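For reference, the chains in residue letters:
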Amino acid sequence: MVRGLSVLLLLVWSVHSYAQPEELEYAYPDVSVWTTERDETGKLKNPLVKLASELFSEAGIPWHAQDYPPKRMFANLRTGASKFSMLVNAESLLQGCCLVSKDPIALVEIRAFYRKGSEPVHSMEDLVGKSVITIEGYSYAGYLKVIKNPDNRIENNPTPSHFSAFAMLSKGRAEYVLDYSFPAAEVLQKNPISELSSSTLKQTYVYLILHKDYPDAVNVMQRLEHIAADLDKHKYLVSPSIAE
């Protein structure tokens with residue numbers, strides 16, 4: 001009788017746990033490689049939040065989104081205070097604590113923008129001895145370290161925003177602006193610059209990140225990957241065209 005009751009309670013607990021997955025927090029950085037636009041609260045409109053909404057709705061997982069300064073975001077992901085994210089090149093920074101999806105869900109592109117008379121650049125080596133404008137808060141997928149290395153003789157002119165970066169370029173404060181393609185396209189649609197060209201410096205992929213402590217993490221990640229593969233991601237990740 002006691003054993004039968006124990007089995008029944010276990011079954012009830014299992015059904016309850018399955019029906020109500022643990023709520024997870026989607027942590028994302030408070031600087032965006034996607035947009036310059038902000039909502040009514042002043043937060044950047046991260047399009048991946050909309051993608052996450054569809055992803056978790058299909059998976060039946062309760063969730064909420066929260067932005068953090070990058071260092072705190074990574075700390076939360078390492079400790080499990082935040083269980084989920086969508087990030088570029090995160091495997092080395094989150095090694096051991098998190099699962100990373102096998103396939104990417106988006107592509108991020110770093111571009112160099114320049115005016116007529118400047119040489120096209122396609123690598124960091126092409127920027128040696130040149131002057132650049134960078135936007136504060138970005139690591140540029142490791143490129144900022146290269147820029148700040150005095151051996152490379154790259155004159156760096158940091159500025160607080162995407163808009164101020166292109167304003168500086170239009171005034172000839174430096175030869176090149178380094179920016180991510182999505183926010184750059186928004187700026188240039190509102191404030192076009194004549195005779196402007198751009199070239200790709202780096203493309204890097206965005207992956208799903210899930211903390212290993214989330215219940216049934218391996219199967220949940222597989223489920224999320226399967227759902228993500230069928231989602232129309234382009235409707236969330238659309239930007240105006242930019243000059244080549």
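The structure under discussion appears in the preceding block.
First, a word on scope: everything that follows refers to the structure included in this document. (Residues numbered from 1 in each chain as written. Predicted model: local features only at pLDDT ≥ 70, side-chain atom pairs only at ≥ 80, totals over all residues. Heavy atoms only, no water.)

**Section: the packing of helix α5 (residues 162-170) against helix α6 (residues 181-190)**
Taken N-terminus to C-terminus, the directions of α5 and α6 make an angle of 60°; their axes are 10 Å apart at the nearest point. In terms of axis orientation, α5 runs oblique to α6. Between α5 and α6 lies a crossing of right-handed hand. Counting all contacts with α5, which are made through H162, F163 and F166, the residues of α6 involved are P183, A184, V187, L188 and K190. Residues of the contact of α5 with α6, tallied by class, amount to 6 nonpolar, 1 polar and 1 charged. (Axes fitted to C-alpha atoms, helices over the stretch in contact; angles between N-to-C directions. Helix = DSSP H or I, 4+ residues; strand = E, 2+ residues; numbered from the N terminus. Parallel < 35°, antiparallel > 145°, perpendicular 65-115°, else oblique. Left-handed = near helix turned anticlockwise from the far one by under 90°. Contact = heavy atoms within 4.5 Å. Nonpolar A, V, L, I, M, F, W, Y, C, P; charged D, E, K, R; others polar.)

**Overview of the pairing of strand β9 (residues 196-211)**
Strand direction decides the pairing type here: strand β3 (residues 84-88) and β9, joined by 5 bridges, are antiparallel. For F84, the partnering residue across the bridge sits in β9 and is L210. Bridge count for strand β4 (residues 98-100) against β9 is 3 bridges, and the pairing is antiparallel. Its bridge partner being in β9, V100 is matched across the sheet by I209. In terms of strand pairing, strand β5 (residues 106-115) meets β9 through 10 bridges, oriented antiparallel. (Pairing = 2+ DSSP bridges.)

**Notes on the packing of aromatic side chains**
This model, assessed by the stated rule, comprises 10 aromatic pairs. For the pair Y138 and Y140, a centre-to-centre distance of 5.9 Å together with 55° between the ring planes defines the contact as tilted. Both residues of the pair, Y138 and Y140, count as buried. A connected cluster of aromatic rings, assembled from ring pairs, spans Y26, Y28, F56, W63 and F84. (Phe/Tyr/Trp six-rings, centres within 6.5 Å; stacked < 30°, edge-to-face > 60°. Buried < 20%, exposed > 50% of the residue type's maximum accessible area, 1.4 Å probe, protein only.)

Read these as spatial facts, not as claims about activity.
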